[in-house]
Amino acid sequence: MGEKLLLQVEDLHTYFYTLQGVIKAIDGVNLCVREGEILGLVGESGCGKSVTALSILGLVPSPPGRVEGGRILFEGEDLLAKTPAEMRSIRGSRIAMIFQEPMSSLNPVFRIGDQMIEVIKLHKKVSTGSARIQALEMLHEVRMPDPEAVLAKYPFQLSGGMLQRVMIAIALSCEPSLLLADEPTTALDVTVQAQILNLMKDLIRKRNAAVLLITHALGVVAQTCDAVSVMYAGTVVESGSVESIFRSPAHPYTRGLMECIPDPSRKSDKLKIIPGTVPDPVNPPPGCRFHPRCYKATATCSQIRPDPVRVGPGHVVCCHYPEEG
Ligand code: SF4
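Residues numbered from 1 in each chain as written. Predicted model: local features only at pLDDT ≥ 70, side-chain atom pairs only at ≥ 80, totals over all residues. Heavy atoms only, no water.

## Observations concerning the pairing of strand 11 (residues 308–312)
Put simply, the test is: One bridge is not enough; two strands pair if DSSP finds at least two bridges between them. Secondary structure counts use DSSP, requiring at least four H or I residues in a row for a helix and at least two E residues in a row for a strand, with both numbered from the N terminus.
Pairing of strand 11 with strand 12 (residues 315–318) involves 4 bridges; the strand directions are antiparallel. The partner of Arg-310 across the bridge, within strand 12, is Val-316.

## Side note on the sheet that holds strand 10 (residues 235–241)
Note the following rule: Angular values range over 0 to 180 degrees, each being the angle between N-to-C directions of two axes fitted as lines to C-alpha atoms, with helices fitted over their stretch in contact.
With mixed pairing, 8 strands are arranged side by side in an open sheet as 6-7-8-3-9-10-12-11. In the strand order of this sheet, the two ends are held by strand 6 (95–98) and strand 11, each with one partner. Averaged over neighbouring strand pairs, the angle between their axes works out to 20 degrees when direction is ignored.

## Here we look at the sheet that holds strand 5 (residues 77–78)
Quick reminder of the rule: The criterion used for residue contact is that any of the two residues' heavy atoms lie within 4.5 Å.
A sheet is described by the order of its strands in space; here 4 strands give the open sequence 2-1-4-5, paired in antiparallel fashion. The open sheet has two edge strands, strand 2 (21–34) and strand 5, and neither has a second partner. The pairing of strand 4 (residues 65–74) with strand 5 spans 2 bridges and is antiparallel. Bridging from a neighbouring strand, Leu-73 pairs with Asp-78 of strand 5. Docked against the sheet, helix 1 (residues 49–57) engages strand 1 (5–18), strand 2 and strand 4, running at close to 110 degrees with respect to strand 1.

## Examining the site of the ligand
Worth spelling out the cut-off: Near is defined per residue: the residue qualifies when any heavy atom it owns lies within 4 Å of the molecule or strand. Basically, the charged four are Asp, Glu, Lys and Arg, the nonpolar ten are Ala, Val, Leu, Ile, Met, Phe, Trp, Tyr, Cys and Pro, and anything else, Gly included, counts as polar.
Looking at the ligand, the residues that line it are His-251, Pro-252, Cys-288, Phe-290, His-291, Cys-294, Lys-296, Ala-297, Cys-301, Cys-319, His-320 and Tyr-321. A class-by-class count of the residues in the shell around the ligand yields 8 nonpolar, 3 polar and 1 charged.

## Some thoughts on the pattern of salt bridges
Cut-off, in case you're wondering: Any carboxyl oxygen of Asp or Glu that lies within 4 Å of a side-chain nitrogen of Lys or Arg is treated as forming a salt bridge with it.
The full count for this structure, using the stated rule, is 19 salt bridges. Where Glu-75 meets Arg-94, a salt bridge forms, and the shortest distance between an N and an O atom there is 2.9 Å. Taken together, the residues Glu-75 in the loop between strand 4 and strand 5 and Arg-94 in the loop between helix 2 (84–90) and strand 6 connect sequence positions 19 residues apart. The closest approach of N and O atoms between Glu-141 and Lys-206, which form a salt bridge, is 2.8 Å. Here Glu-141 is found in helix 4 (residues 128–141), whereas its partner Lys-206 is found in helix 7 (residues 190–207), with 65 residues between them in sequence.

## Notes on the nonpolar core
Just so we agree on the cut-off: Buried residues of nine kinds, namely Ala, Val, Leu, Ile, Met, Phe, Trp, Tyr and Cys, make up a nonpolar core once their side-chain atoms join them within 4.5 Å. Burial status follows relative accessibility: with a 1.4 Å probe on protein chains alone, a residue under 20% of its type maximum counts as buried, one over 50% as exposed, and anything between as partly exposed. Marked domain ranges trace back to an automatic or database domain assignment.
If you look at the biggest cluster of nonpolar residues, it comprises 57 residues, and the most contacted ones within it are Met-116, Leu-139, Ile-168, Leu-179 and Met-200. Here the element with the most residues in this core is helix 6 (residues 160–173); it accounts for 8 residues. Two domains each put at least three residues into this core: domain 1 (5–94 + 176–318) and domain 2 (95–175). Filtering out sequence-adjacent residues up to four positions away, Leu-139 remains in contact with Met-116, Met-144, Pro-147, Val-150, Leu-151, Val-166 and Ala-169. One finds Leu-41, Ile-56, Met-87 and Leu-212 within the second-largest nonpolar core, a separate group that totals 32 residues.

## Points about the packing of aromatic side chains
The cut-off we apply is this: The rule is short: rings of Phe, Tyr and Trp, with Trp giving its six-membered ring, pair when the centres are within 6.5 Å, and they are stacked under 30 degrees, edge-to-face over 60, tilted in between.
Tallied over the entire structure, the rule returns 4 aromatic pairs. Relative to Phe-156, the ring of Tyr-154 has its centre 6.3 Å away and its plane inclined at 15 degrees; by these criteria the two rings are stacked. A residue is classified by how much of its surface remains accessible, and Phe-156, at 63% relative accessible area, is exposed. Seen from their ring centres, Tyr-253 and Phe-290 are 5.3 Å apart, and the 65 degrees between their planes marks the pair as edge-to-face. Of this pair, Tyr-253 sits in helix 10 (residues 252–259) while Phe-290 sits in the loop between helix 10 and helix 11 (299–303), placing them 37 residues apart in sequence. Residue Tyr-253 shares its accessibility class with Phe-290, and that shared class is buried. These aromatic residues form a ring-pair network of at least three members: Tyr-232, Tyr-253 and Phe-290.

## Considerations on the domain arrangement of the protein
Quick reminder of the rule: Here's the idea: put two parts together, see how much 1.4 Å probe accessible area each one loses, and the total over both is what we call buried area. Under the rule applied, a polar contact is a pair of N or O atoms within 3.5 Å (in protein, one hydrogen donor and one hydrogen acceptor; residues adjacent in sequence only if both atoms are side-chain atoms).
You can read the domains of the protein as domain 1 (5–94 + 176–318) and domain 2 (95–175). Averaged C-alpha coordinates put domain 1 and domain 2 at centres separated by 28 Å. With 31 residues of domain 1 in contact, the opposing surface of domain 2 contributes 20 residues. When residues of domain 1 are sorted by the area they lose upon contact with domain 2, Pro-176, Leu-199 and Arg-207 head the list and together hold 24% of the total. On inspection of domain 1 and its partner domain 2, the count reaches 3 salt bridges. The tally of links between domain 1 and domain 2 comes to 11 residue pairs in polar contact (both at pLDDT 80 or more). The set of elements that each furnish at least two residues to the side of domain 1 that touches domain 2 consists of strand 7 (178–182) and helix 7. Counted by class, the side of domain 1 that touches domain 2 contains 19 nonpolar, 5 polar and 7 charged residues.

## Structural notes on the side chain of Arg-293
Considering the arrangement of structural elements, one finds Arg-293 in the loop between helix 10 and helix 11. Side chain to side chain, Arg-293 and Tyr-232 meet in a polar contact 3.2 Å long. When neighbours within four sequence positions are excluded, Arg-293 is seen to be in contact with Glu-44, Tyr-232, Ile-274, Pro-275, Gly-276, Thr-277 and Val-278.

## Some details on the side chain of Thr-224
Within the secondary structure, Thr-224 is located in helix 8 (residues 218–224). With sequence-adjacent residues up to four places away left out, Thr-224 is seen in contact with Ile-38, Leu-197, Lys-201 and Leu-213.

And the structure:
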């Protein structure tokens, strides 16, 4: 992993203008991904993880959505200043994507081979023959059984795990420096999930590329990532190395998420939950957004939004009373 910053998101705000009011889906997100690093962006559904990804990719549906402020620096260039055509050429080449549902990216009426060859030709400007050879090589690399036969198949003829291998092959065929993966294994069986995560990690390490891995599962982060940013209600509340955050989580919400991971060694058979619900994004609570659910909340918490404080090397938390040790 390098020290050089590849992606830097600074004070990002993305809002959706609806009849019910302004949904502040992203309200001051900061995060960074270093070269060769796998960063996990973790949090409950509706916390803004996917909208963060869409903002980075320039794919926020507009209307009703709009990026209202902040900067997104990728390889030193501000993505928010790019034209739609410039973003189209960055997507799929320098930044590749994998989504939870491969069928949303694959066309059901074209064979896998045709779709892979088309993407490779588009981004690498090579002949059909050369693109076909590269497609086969990529299917070998993602350890696809019988790649020749797979090229001739339609998406519906492949299992979920095989489709996700195809998506990884397509994403990496254009040699991106950043892979954005949004819940790539959530729809898969646990055993297939582990295989796909390990495969993705191996291929990424081999290429020295970086990943922003969006997930609701801390277990996936522990298995796959180098660093983690924890999101809550449109903001990042804690970030640091996986080692540091798993050893000493400093934000009460991160602690709560960890206690929700099923642990067979725990005596009680009751699965812990964080009390309360995710706040209304139209009328978020004042002060610290977690205060209605936090067991440590004080009057200060309900009035003043906490600033980031450093609690260890590269470990930052937004809390007035961070946990110690
Ligand atoms: Fe809890 Fe207060 Fe920290 Fe928010 S600032 S997480 S309410 S202790």
